[in-house]
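Secondary and tertiary structure notes
Next come the chains, spelled out residue by residue.
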Amino acid sequence: MVTLDNLLEKIEQTRNHMLYLSRRMPLTSDAVVTASVELDDLLNEYEKQRKNM
């Protein structure tokens, strides 16, 4: 099972990656949108796990 600390690390990595991409590509590019969706999924998972504590 993924711990909250692991999720927070992955959230930060994904956020940084999305920001990196968004500085080099249009915000509507597939790469930026994909990173944004991944970040949303991670944030949703974090909230779900946090509520179940």
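Each remark here, short or long, concerns the structure printed above.
In this report, we go over the structure that sits alongside the text. (Residues numbered from 1 in each chain as written. Predicted model: local features only at pLDDT ≥ 70, side-chain atom pairs only at ≥ 80, totals over all residues. Heavy atoms only, no water.)

1. Re the nonpolar core
For soluble globular proteins, nonpolar side chains are generally found buried alongside one another. L4, L7, I11, M18, L21, V32, A35, L39, L42 and Y46 together form the largest nonpolar core, which totals ten residues. Elements that contribute at least two residues to this core include exactly α1 (4-24) and α2 (30-51). Apart from residues lying up to four places away in sequence, L7 is in contact with V2, L42, E45, Y46 and Q49. (Core = buried A, V, L, I, M, F, W, Y, C linked by side-chain atoms within 4.5 Å. Buried < 20%, exposed > 50% of the residue type's maximum accessible area, 1.4 Å probe, protein only. Helix = DSSP H or I, 4+ residues; strand = E, 2+ residues; numbered from the N terminus. Contact = heavy atoms within 4.5 Å.)

2. Regarding the packing of α1 against α2
Two numbers describe how α1 lies on α2: the axes approach to 9 Å, and their chain directions differ by 160 degrees. Between α1 and α2, the angle is such that the two are roughly antiparallel. You can see that α1 and α2 cross each other, and the crossing is left-handed. Mapping the contact onto sequence places L4, L7, L8, K10, I11, T14, R15, H17, M18, L21 and S22 in α1 and A31, V32, A35, S36, E38, L39, L42, L43, E45, Y46, Q49 and R50 in α2. Of the residues assigned to the contact of α1 with α2, the class counts are 13 nonpolar, five polar and five charged. (Axes fitted to C-alpha atoms, helices over the stretch in contact; angles between N-to-C directions. Parallel < 35°, antiparallel > 145°, perpendicular 65-115°, else oblique. Left-handed = near helix turned anticlockwise from the far one by under 90°. Nonpolar A, V, L, I, M, F, W, Y, C, P; charged D, E, K, R; others polar.)

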